[in-house]
Amino acid sequence: MSTNKNMAYEFNFDGLVGPTHNYAGLSVGNVASTSNANLIAKPKEAAKQGLQKMKALHDLGLKQGVIAPMERPDVATLRRLGFTGTDSQVIIKAAKQAPKVLAACSSASSMWTANACTMAPSSDTADEKVHFTPANLANKFHRSIEHSTTGRVLQAMFKDENHFVHHPALPMGDHFGDEGAANHTRFVDVNSDKGYGKKGLHFFVYGKYAFDDSKPAPHKYPARQTFEASQAVARLHMLDSDNVVFAQQSPHVIDKGVFHNDVISVGNGNVLFAHQKAFLNQMQVYTDLERAFDGEEFHVVEVGNSDVSVEDAVKSYLFNSQLVTLPDGKMAIIAPGECESVPAVKEYLDWLVDQDTPITEVKIFDVKQSMQNGGGPACLRQRIVLNETEVSAMNQNVIMNDDLFATLNAWVEKHYRDTLTEDDLADPSLLNESRMALDELTKILNLGSVYPFQMV
């Protein structure tokens, strides 16, 4: 390994699918989530699909890690809402009196770790430390209860205060709605001698202005990320304003089901892969990015609406693919299997790899259990850039390797149910099963006590 501490690498930290994975249709604005409500979920299959993707990217030579799921059902939140008695009694009462509330408190949505936080690498911050801010996910109740545990998990993974800074989530409420890295992309010249460790360009995408009603905003579905939240995260992370670009999503595409920017565009290195209708003032966004980028030529690979409609982009999650630089320097799209079943998307991807763009490969992965709930390959991962010193300082037990893959597969096989319906959430034994699984997981990943049940 190189001795240059400034040489940095981009890790993909994927969320483990939790034991309560189900289809309750909780996410208004996410077409896949609501349209597949009440399907029979397969938690064991979902977790193994996620692990297979992690292992495959590890085998490709990419840096890969694991982020633990939430404790669910969230009994502590149910108690805050007035349900009393033993933990089992709390669940039984909630199932009888407020089943949709119980479903929300049982969601396994933390699997989509693109929403876990926003991070900034030490090469980009004024104090030269890695910064993390958990997303408050204020727009959806079932996700707004995640950030406290997310923060503890991140701190257990990145403990050393000499290298890592952990901020609390932004204040709750619509004005500072923050959805994390699903609306943030870092561009950098990966061909430099520092790799991902060169100072990068931070691209924050928001859905609306919270303090200015005169600005454009969607009408049908909510804009989950605000301009003010994006500004706040950039300030907290001590980013140089010359290396930050803010852009607004097109309100029109939000109303078509593009609830996060990563459903309509994705970036990596010096490439933005975006739909023609992704942004308000699209050409100005491209100009701003090209001017602010420090490095080789900045590339925009734009998909025309006549080639792939917004509806087909949402249906296939073409842009919720991962865009990665492989060890040989080639750039590849890590796409969900649904991209092969939507004819216009398949045709476009077959055409794209033969064009003169930096994107030269497409690799297809089956993440159907996640896709049916509204999250593709990009939703399942949080990108974290670390230099070699920081890699050495982090929790080594969360880094994917052959042994961890085998251990986690055995853990899933031991603890997860084959199927789960919304009605099954009323079974108090599911809570005990989940806690047993998570208690064992914290030992596997060396996280310590991060869950409320472990801190009683």
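Rules of the game
- Residues numbered from 1 in each chain as written.
- Predicted model: local features only at pLDDT ≥ 70, side-chain atom pairs only at ≥ 80, totals over all residues.
- Heavy atoms only, no water.
- Axes fitted to C-alpha atoms, helices over the stretch in contact; angles between N-to-C directions.
- Helix = DSSP H or I, 4+ residues; strand = E, 2+ residues; numbered from the N terminus.
- Parallel < 35°, antiparallel > 145°, perpendicular 65-115°, else oblique.
- Left-handed = near helix turned anticlockwise from the far one by under 90°.
- Contact = heavy atoms within 4.5 Å.
- Nonpolar A, V, L, I, M, F, W, Y, C, P; charged D, E, K, R; others polar.
- Phe/Tyr/Trp six-rings, centres within 6.5 Å; stacked < 30°, edge-to-face > 60°.
- Buried < 20%, exposed > 50% of the residue type's maximum accessible area, 1.4 Å probe, protein only.
- Lys NZ or Arg CZ within 6 Å of the ring centre and 35° of its normal.
- Salt bridge = Lys/Arg side-chain N within 4 Å of Asp/Glu carboxyl O.
- Pairing = 2+ DSSP bridges.

**Q** Which residues make up the packing of helix 4 (residues 87-97) against helix 16 (residues 428-444), and what are the values?
**A** In contact at an axis separation of 8 Å, helix 4 and helix 16 are set at 130° when each is read in the N-to-C sense. One way to sum up the angle between helix 4 and helix 16 is to call them oblique. For the pair helix 4 and helix 16, the sense of crossing is right-handed. Contacts between helix 4 and helix 16 involve Asp-87, Ser-88, Ile-91 and Ile-92 on the former and, on the latter, Pro-428, Leu-431 and Arg-435. Here the contact of helix 4 with helix 16 is built from residues that sort into four nonpolar, one polar and two charged.

**Q** Pulling in residues and values, what's your account of the packing of helix 2 (residues 43-59) against helix 15 (residues 402-415)?
**A** The N-to-C vectors of helix 2 and helix 15 enclose an angle of 175°; their axes lie 10 Å apart at closest approach. When the axis of helix 2 is compared with that of helix 15, the two are roughly antiparallel. Of the residues in helix 15, those in contact with Lys-44, Ala-47, Lys-48, Leu-51, Gln-52, Lys-55, His-58 and Asp-59 of helix 2 are Asp-402, Phe-405, Leu-408, Asn-409, Val-412 and Glu-413. Looking at side-chain class alone, the contact of helix 2 with helix 15 contains five nonpolar, three polar and six charged residues.

**Q** Describe the packing of aromatic side chains, with residues and values.
**A** Per the stated rule, a full pass over the model turns up 19 aromatic pairs. With 6.5 Å between their ring centres and 25° between their planes, Phe-273 and Tyr-348 make a pair best called stacked. Taken together, the residues Phe-273 in strand 10 (residues 271-275) and Tyr-348 in helix 12 (residues 343-352) connect sequence positions 75 residues apart. Each of the two residues, Phe-273 as well as Tyr-348, counts as buried. Ring centres of Trp-411 and Tyr-416 lie 5.3 Å apart, and the angle between their planes is 70°; this geometry places the pair in the edge-to-face category. The exposure classification of Trp-411 matches that of Tyr-416, with both residues buried. Joined through ring pairs, the aromatic side chains of Phe-11, Phe-13, Phe-132, Phe-158 and Phe-164 make up one cluster. Its end group placed over the ring of Tyr-9, Lys-63 keeps NZ or CZ at 4.9 Å from the ring centre.

**Q** If you had to explain the pattern of salt bridges to someone new, which residues and values would you point to?
**A** According to the stated counting rule, one finds 25 salt bridges in the structure shown. In this structure, Asp-14 and Lys-53 form a salt bridge, with 2.7 Å as the shortest nitrogen-oxygen distance. A residue pair is termed long-range when its members are at least 10 positions apart, and Asp-14 in strand 1 (residues 8-15) and Lys-53 in helix 2 qualify at 39 residues. We note a salt bridge from Asp-312 to Lys-315, for which the minimum N-O separation is 3.8 Å. Residue Asp-312 and its partner Lys-315 are located together in helix 11 (residues 310-316), separated by three residues, close to a single helical turn. You can call Asp-312 buried: its relative accessible area is 18%.

**Q** Which residues make up the sheet that holds strand 2 (residues 63-67), and what values do they have?
**A** Hydrogen bonding along the main chain pairs the strands of a sheet, whether they run parallel or antiparallel. Spatially, three strands are ordered 2-1-15 in an open sheet, and the strand pairing comes out mixed. The open sheet has two edge strands with one neighbour each: strand 2 and strand 15 (381-387). Shown here is a sheet whose adjacent strand axes are inclined to one another by a mean of 30°, direction ignored. Sheet topology places strand 1 next to strand 2; five bridges connect them, and they run parallel. Counted as the bridge partner of Asp-14 is Val-66 from strand 2. Against the sheet, helix 2 touches strand 1 and strand 2, its axis set at about 155° to strand 2.

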